[in-house]
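# Chains, contacts and geometry: an overview
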Amino acid sequence: MLLNWTVMILYNYFCAMFVGPGYVPLGWTPEKSQDCMYLQYCKVCQSYKAPRSHHCRKCNRCVMKMDHHCPWINNCCGYQNHASFTLFLLLAPLGCIHASFIFVMTMYTQLYNRISFGWSSVKIDMSAAKRDPRPIIPFGLSAFAASLFALGLALGTTIAVGMLFIIQMKVILTNKTSIESWIEEKAKDRIQYYQTGETFIFPYDMGSKWKNFKQVFTWSGIPEGDGLDWPVRDGCHQYSLTIEQLKQKADKRVRSVRYRAVEDYSGVCCPVTKGVKTFFTTPCTEEPRIALSKGDLILATRGLKHWMYGEKILDSAADGGIRERGWFPRKCVEKCQYDSETDQPVDGEKKNR
């Protein structure tokens, strides 16, 4: 049984790793040229982003139905390997539960045979069993310590990977990805903030958990469709999600604020020279840091108390489509004084947009 768990876990793990998520073909454009107005253009891949696809900075490609980039498989979880990745998240905790049961029963049996109960104390002799004959496999103090350590690893893996499995199943049963769940939350915030009165309906939820489940898991192991065109629920447009993304991108530009660097920053994760609070409050994220030189212009889109996230405004347009985005210390920049042409809209103007 343990060999069975091992084979299935490794099979799905390597499938998720080597099969990959599937990438949008380089230079891809929709069949109808007028549909390009509903899509975002990727300067790196020199193609339009197909519905449900996103550009991964680690893979440097646009990934079809991207859920997230997983460092444990050194690849993205997406259209082609979503089922294998989820099965790995299911089988790994089940195998660890089985192993934990074996570890617990082994230690219980061995300790029970080595415990001596006296009137005033309880003694444990790990040198030999008291009641049963000598075991086939010697179980001494070192074996007990190794079993206890392995039990801790098995239980930790069960809890950590099991929680990831639950998160994945929640998004699969609604036919979403982790990124699309975030887009849906931002859509609700945008509608509430601007009070537009519109209603955003996620277009890929088939209305049935079983139908959503079959979008990922199939008997053949090959997901349905080609990863570019997706079935949508009644009353929704094929590009409903991409249109909402364009609206959020425009809103992001409206809310962004321009800053100028007043100090140099090397781009290290935990800068020592920028203050103790900046050092200990560095963002716990895989997102990069950007190096700053005095005088650089940055368009900040979000921030924390001591850190900000934004994109560096490059002087030259011939940058090959590369965008420098990331976190930087707040104390290294100051807000620009805008003139009448570039002044940011006030809150009243934002809500009327």
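Residues numbered from 1 in each chain as written. Predicted model: local features only at pLDDT ≥ 70, side-chain atom pairs only at ≥ 80, totals over all residues. Heavy atoms only, no water.

Going by the annotation in an unreviewed UniProt entry, the name recorded for the protein is Palmitoyltransferase, with Pandion haliaetus given as the source organism. On record in UniProt, under Sequence similarities (unreviewed entry), the comment for the protein is "Belongs to the DHHC palmitoyltransferase family." Its UniProt record, at the heading Subcellular location (unreviewed entry), says of the protein: "Membrane". (UniProt positions renumbered as here; feature names shortened; annotations may be inferred.)

### Side note on the sheet that holds strand 10 (residues 297-303)
Strand-to-strand pairing in sheets goes through backbone hydrogen bonds, with the strands running parallel or antiparallel. Reading across from one edge, 12-11-10-9-13 is the order of the five strands in this open sheet, with antiparallel pairing throughout. Sheet topology places strand 12 (325-329) and strand 13 (333-335) at the edges, where each strand pairs with a single neighbour. Direction aside, neighbouring strands of the sheet carry axes that sit 45° apart on average. For strand 11 (residues 307-313) and strand 12, the ladder comprises five bridges, and the chain directions are antiparallel. From the neighbouring strand, Tyr 309 faces strand 12, where its bridge partner is Trp 327. (Pairing = 2+ DSSP bridges. Helix = DSSP H or I, 4+ residues; strand = E, 2+ residues; numbered from the N terminus. Axes fitted to C-alpha atoms, helices over the stretch in contact; angles between N-to-C directions.)

### Topic: the nonpolar core
Of all hydrophobic cores here, the largest spans 25 residues; its most connected members are Val 24, Trp 28, Cys 56, Met 66, Cys 76, Leu 228 and Leu 241. Secondary structure elements with two or more residues in this core: strand 4 (61-63) and helix 4 (178-194). No other element matches helix 4, which puts four residues into this core. Judged by nonpolar contacts, the second largest core, of 15 residues, contains Val 257, Tyr 259, Ala 261 and Trp 327. (Core = buried A, V, L, I, M, F, W, Y, C linked by side-chain atoms within 4.5 Å. Buried < 20%, exposed > 50% of the residue type's maximum accessible area, 1.4 Å probe, protein only.)

### Description of the state of the cysteines
In total, this model carries zero disulfides according to the counting rule given. Of the cysteine sulfurs around Cys 42, a residue in no disulfide, the closest is that of Cys 62, at 3.6 Å. (Disulfide = S-S within 2.5 Å.)

### A short note on the environment of Phe 101
Looking at where Phe 101 falls in the secondary structure, it is placed in helix 2 (residues 82-112). Look at Phe 101 and you get exposed, because its relative accessible area is 53%. Sequence-wise, Phe 101 and Ala 154 are 53 residues apart; in three dimensions their C-alpha atoms are separated by 9.8 Å.

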